[in-house]
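# Architecture and fold: a report
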Amino acid sequence: MTEFTAGESDPNFKWGVSTAAYQTEGAILTDGKGLSIWDEFSNRPGKIYNGQNGNQACDFYHRYPEDLTIIQQLGIPNFRFSIAWSRVLPQGVGAPNQAGIDFYDRLIDSCLERSIEPWITLYHWDLPAILQQQGGWTNRDVIGWFTEYVELVASHFKDRVENWMVLNEPIVFTGAGYFLGIHAPGKRGMKNFSSAVHHAALCQAEGGRVIRDLHSSAQVGTTFSCSLVEPASSSRRDVRAAQRVDALLNRMFIEPSLGRGYPIDQLPALARLEKHMKSGDEELLKFDFDFIGLQCYTREVVRHSWSMPYLFARQVSPHKRGVPTTLMGWEVCEDSIYHILKNFHRRYHLKNIIITENGAAFADSVRCGEINDYERQQYLSNHIQACLRAKQEGIPLSGYFVWTLTDNFEWAEGYRPTFGLVHINFQTQKRIIKQSGYLYADLIQQYLKQPKGQNVNI
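Residues numbered from 1 in each chain as written. Predicted model: local features only at pLDDT ≥ 70, side-chain atom pairs only at ≥ 80, totals over all residues. Heavy atoms only, no water.

Once that is clear, we can look at the overall build of the chain. Tallying secondary structure elements over the chain gives 16 helices and 13 strands in all. Overall size of the chain, expressed as C-alpha extent along the three principal axes, is 60 × 55 × 45 Å. When burial is assessed residue by residue, the chain has 60% of its 458 residues classed as buried. At a minimum sequence separation of 6, the contacts of the chain that also span at least 24 residues come to 76%. Separation between the mean location of the 46 positive side-chain charges and that of the 49 negative ones in the chain comes to 7 Å. (Helix = DSSP H or I, 4+ residues; strand = E, 2+ residues; numbered from the N terminus. Buried < 20%, exposed > 50% of the residue type's maximum accessible area, 1.4 Å probe, protein only. Contact = heavy atoms within 4.5 Å. Lys, Arg positive; Asp, Glu negative; His and termini not counted. Charge placed at Lys NZ, Arg CZ, Asp CG, Glu CD.)

What follows is the structure, encoded as structure tokens:
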């Protein structure tokens, strides 16, 4: 048990759990759904760990009542999930798929029946494959495609959904999908990356405007992946390398939305974005989000490296540094999330921040029908403590969402990394709540019930 003072209890603090459509739903061609870029990519040989794919995943499409009941049982008040664009618009644009819309109607209604607040992410990486055939995020027409999709979803669900996130981690789906080629759609190179970045940043703002126009009382946010970036030494070269990596990982998408433009001053390679700019884009990139979602898992220590193009920086691996790691090879460092919150507030004076993802993958084992995932319990306890410490120090933090509810399909890593509060046997689809799930439930209840200044035991 860990004891800490969380400060004054905030009854409006949003405790939740996050998921994503492609990682959980399965049913990739059921009821008229179209293919997404991840449906195609994960079924290509050699792209995913051990030849796995998300064709069935957690079968959430059919088993969502069971999973929502688990959320209800654990007393988790908020559930973040994404809409699969190709499930509601199989062709990306044009005629909606009523069966797909009906599924999300049932899902949202089932949340509300269980007193679970639904939080919708509009884009969690699963672009309709037919739009990728026309260039996907590298084609400026994606702004119109995305606008049509957002208008459909927001207008239909605005009567029951108050909380919206436009994009999930745009630096990841543009970087891994359009520069490194290790995620869908598997494209490579700076030309693909720079155009995808600019168009995603424009869609980020335009999506926000569409929601606000249709639903004036909605809380509109977007989410950014971020890592604490520190230099390997105090040398000028390592410090500059860390600044360049920080610009790429932590500043790329938030600064245009705030009217600051792209962080070209710290990362000159981003000057390539300017050739994709058109007249008026500086204003179109701006949007005043009601909240910013930050998703922080780890720390990156970097050093200067001439051999790495554009960044001239290389990570010093956690294994070389001899620090504890998760199953993903990420350093376990709860100070990272504390300093990320402090840094973002210091830089940008944000009015409202939510941790929309935080969690860890560790090797779980089922013993006597139970999973005592001690490492994950410690990770969550320490990271939540760090978040509440930042909140107590004046950071406008209004929520914390665990990644994730159930073990799921973790993109190129397949089913190997298990992040869930709930274990899934993917052969039988049997669910088992892990001890970390019960710990999170207990923490929420203690926080909500604590008198001002009283210690909370985790």
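After that view, the rundown keeps rolling.
Time to look at the packing of helix H5 (residues 98–113) against helix H7 (residues 142–157). Remark: H5 packs on H7, axes separated minimally by 11 Å, with the N-to-C direction vectors making an angle of 40°. It follows from the interaxial angle that H5 and H7 lie oblique. In this structure, H5 meets H7 at a crossing whose hand is right-handed. Contacts from Ile101, Tyr104, Asp105 and Ile108 in H5 reach Leu152, His156 and Phe157 in H7. Looking at the contact of H5 with H7 residue by residue, the class counts come to five nonpolar, one polar and one charged. (Axes fitted to C-alpha atoms, helices over the stretch in contact; angles between N-to-C directions. Parallel < 35°, antiparallel > 145°, perpendicular 65-115°, else oblique. Left-handed = near helix turned anticlockwise from the far one by under 90°. Nonpolar A, V, L, I, M, F, W, Y, C, P; charged D, E, K, R; others polar.)

On to the side chain of serine 9, then. Mapped onto the secondary structure, serine 9 falls in the loop between strand S1 (3–5) and strand S2 (14–18). Classification of serine 9 by relative accessible area gives buried; the value is 15%. From its side chain, serine 9 meets the backbone oxygen of tyrosine 447 in a polar contact 2.7 Å long. Apart from the residues lying within four places of it in its own chain, the contact partners of serine 9 are Tyr447, Leu448 and Gln450. (Polar contact = N/O pair within 3.5 Å; in protein donor to acceptor, adjacent residues only side chain to side chain.)

Between its first and last C-alpha, helix H16 (residues 435–449) extends 21 Å over 15 residues, near the 21 Å set by a 1.5 Å rise per residue. Taken together, the buried positions of H16 are occupied by Ser436, Gly437, Leu439, Tyr440, Ala441, Leu443, Ile444 and Tyr447. (Expected span 1.5 Å × (residues − 1).)

This part is about the packing of aromatic side chains. Under the definition given, this model contains 39 aromatic pairs. Arranged with centres 4.5 Å apart and planes meeting at 50°, the rings of tyrosine 415 and phenylalanine 426 form a pair that is tilted. Of this pair, tyrosine 415 sits in the loop between strand S10 (397–403) and strand S11 (422–425) while phenylalanine 426 sits in the loop between S11 and strand S12 (430–433), placing them 11 residues apart in sequence. The partly exposed category is assigned to phenylalanine 426, whose relative accessible area is 22%. Of the aromatic side chains, those joined through ring pairs into one cluster are Tyr22, Trp38, Phe41, Trp125, Phe409, Trp411, Tyr415 and Phe426. Above the plane of the ring of phenylalanine 103 lies arginine 87, whose end atom (NZ or CZ) is 5.8 Å from the centre. (Phe/Tyr/Trp six-rings, centres within 6.5 Å; stacked < 30°, edge-to-face > 60°. Lys NZ or Arg CZ within 6 Å of the ring centre and 35° of its normal.)

The next point concerns the pairing of strand S5 (residues 163–168). Within S5, six of the six residues are buried, leaving the element largely enclosed by the surrounding structure. Alignment of strand S4 (residues 117–123) against S5, held across four bridges, turns out to be parallel. From the neighbouring strand, isoleucine 120 faces S5, where its bridge partner is tryptophan 164. The pairing of S5 with strand S6 (residues 219–231) spans four bridges and is parallel. Bridge pairing in S6 links asparagine 163 to glutamine 219. (Pairing = 2+ DSSP bridges.)

Following alanine 184, the chain continues to proline 185 via a peptide bond in cis, the omega torsion being 5°. Here the bond from tryptophan 403 into threonine 404 is cis, since omega is 10°, no more than 30 degrees from zero. Its location among the elements puts threonine 404 in the loop between S10 and S11. With a phi angle near 60°, serine 115 is a residue other than glycine that sits in the positive phi range. The residue serine 115 is located in the loop between H5 and S4 in this model. Look at glutamate 169: it is not a glycine, yet its phi comes out positive at around 45°. The residue glutamate 169 is located in the loop between S5 and helix H8 (170–178) in this model.

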